[in-house]
There are 2 protein chains.
Amino acid sequence: MTTPTTPRLAIHYCTGCRWLMRAAWTAQELLTTFEAELGEVALIPGSGGIFQVWADDTLLWDRKRDGGFPELRELKQRVRDAVAPDKALGHSDRPAS
Amino acid sequence: MTTPTTPRLAIHYCTGCRWLMRAAWTAQELLTTFEAELGEVALIPGSGGIFQVWADDTLLWDRKRDGGFPELRELKQRVRDAVAPDKALGHSDRPAS
């Protein structure tokens, strides 16, 4: 059980910024949408304003690189592209209107 | 980032039983109490009525073995004993009254 299951998402968040709830909410959204496709989602406490989402070795989102927090629509598209490229996302696949 | 950080807690929950929210709530409780002591908490979708909490290689809680879901007080004591034996838990250290 200590061995991580893949695909592994990891959400690295800043505890000093009080982003645990945001990270946990993001994890729940992704585990709901990708219930059958994900091995696990790990929540990783960090510092210094970090908010990153990784899919295995791929950095899908970085608050500093990407200029803020992800919209769930955009994040789900990136997760889908990384772990389940053939999966349709329904309304999350359409451009924001 | 794909390498898990230790101490690693893992919560293995049954998706068919709709225990994601319970697992995520448990994760948030543990990450709040053990903010500085945990490397990560992983949420792992499973089936068959599973609800287990692992600390690295140690099975801290098993719904089938332990006869139900953990009280947070009891679970926090087991996590503390596994990852931070010198940590005081305040009101969670006292017997339930």
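To keep things clear, this report deals only with the structure shown in the data block. (Residues numbered from 1 in each chain as written. Chains lettered and ligands numbered in written order. Predicted model: local features only at pLDDT ≥ 70, side-chain atom pairs only at ≥ 80, totals over all residues. Heavy atoms only, no water.)

## A short note on unusual backbone geometry
Consideration 1: Here the residue pair T6(A) and P7(A) is connected by a cis peptide bond, since its omega of -5 degrees sits within 30 degrees of zero.
Consideration 2: Here P7(A) is to be found in the segment before strand 1 (8-14).
Consideration 3: You will see that R18(B), though not glycine, has its phi angle at about 65 degrees, which is positive.
Consideration 4: Mapped onto the fold, R18(B) is located in the loop between strand 1 (8-14) and helix 1 (20-33).
Consideration 5: The exposed category is assigned to R18(B), whose relative accessible area is 64%. (Helix = DSSP H or I, 4+ residues; strand = E, 2+ residues; numbered from the N terminus. Buried < 20%, exposed > 50% of the residue type's maximum accessible area, 1.4 Å probe, protein only.)

## Points about the nonpolar core
Consideration 1: In terms of nonpolar packing, the biggest core is built from 52 residues, with L43(A) and L43(B) touching the most fellow members.
Consideration 2: Among all residues touching L43(A), those that are not within four sequence positions of it are I11(A), Y13(A), A23(A), A24(A), A27(A), A27(B), L31(B), G39(B), E40(B) and V41(B).
Consideration 3: Among the nonpolar cores identified, the runner-up in size contains 8 residues, and A10(A), A42(A), A10(B) and A42(B) belong to it. (Core = buried A, V, L, I, M, F, W, Y, C linked by side-chain atoms within 4.5 Å. Contact = heavy atoms within 4.5 Å.)

## Overview of the relation of the copies chain B and chain A
Consideration 1: Superposing chain B onto chain A requires a rotation of 180 degrees together with a translation of 0.0 Å along the rotation axis, leaving an RMSD of 0.0 Å. The symmetry that links the two subunits is that of a two-fold axis. Minimal C-alpha distance to the rotation axis in chain B is attained by A42(B), lying at 1.9 Å.
Consideration 2: Of the interface residues in chain B, 100% have counterparts in chain A that sit at the interface too, so the contact is made through matching surfaces. (Least-squares fit on C-alpha atoms with pLDDT ≥ 70 in both.)

## Observations regarding the interface of chain B and chain A
Many authors give the size of an interface as the accessible area that is lost as the parts come together.
Consideration 1: Counting residues at the interface gives 30 residues for chain B, matched by 30 residues for chain A.
Consideration 2: Summed over both sides, the interface between chain B and chain A buries roughly 2,400 Å², with carbon and sulfur atoms accounting for 60% of that surface.
Consideration 3: Where chain B packs against chain A, one counts 4 salt bridges.
Consideration 4: For the pair chain B and chain A, the number of links is 4 residue pairs in polar contact (both at pLDDT 80 or more).
Consideration 5: Secondary structure elements with two or more residues in the side of chain B that touches chain A: strand 1, helix 1 and strand 2 (40-46) of chain B.
Consideration 6: Considering each element in turn, the side of chain B that touches chain A owes the most residues, 7 residues, to helix 1 of chain B. (Buried area = accessible area lost by both parts, 1.4 Å probe. Salt bridge = Lys/Arg side-chain N within 4 Å of Asp/Glu carboxyl O. Polar contact = N/O pair within 3.5 Å; in protein donor to acceptor, adjacent residues only side chain to side chain.)

## Quick look at the environment of M21(B)
Consideration 1: The residue M21(B) is located in helix 1 in this model.
Consideration 2: Remark: the alpha-carbon pair of M21(B) and R73(B), spanning 52 residues in sequence, is separated by 18 Å.

## Description of helix 3 (residues 72-83) of chain A
Consideration 1: Between its terminal C-alpha atoms helix 3 of chain A stretches 16 Å, which fits the 16 Å expected from 12 residues at 1.5 Å a residue.
Consideration 2: Packed against the buried residues of helix 3 of chain A are strand 1, helix 1 (20-33), strand 3 (51-55) and strand 4 (58-62) of chain A. (Expected span 1.5 Å × (residues − 1).)

## Let's talk about the pattern of salt bridges
Consideration 1: According to the stated counting rule, one finds 20 salt bridges over all chains in the structure shown.
Consideration 2: Note that R8(B) is salt-bridged to E40(A), the shortest N-O span being 2.8 Å. Of the two residues, R8(B) sits in strand 1 while E40(A) sits in strand 2 (residues 40-46), which places them in two different chains. Just as R8(B) is buried, E40(A) falls in that class too.
Consideration 3: The closest approach of N and O atoms between D93(A) and R80(A), which form a salt bridge, is 3.0 Å. Placement of the pair is D93(A) in the segment after helix 3 and R80(A) in helix 3, with a sequence separation of 13 residues.
Consideration 4: Accessibility expressed as a relative area gives 11% for R80(A), which makes it buried.
Consideration 5: Residues joined in a network through salt bridges with shared partners are R8(A), E40(A), R8(B) and E40(B).

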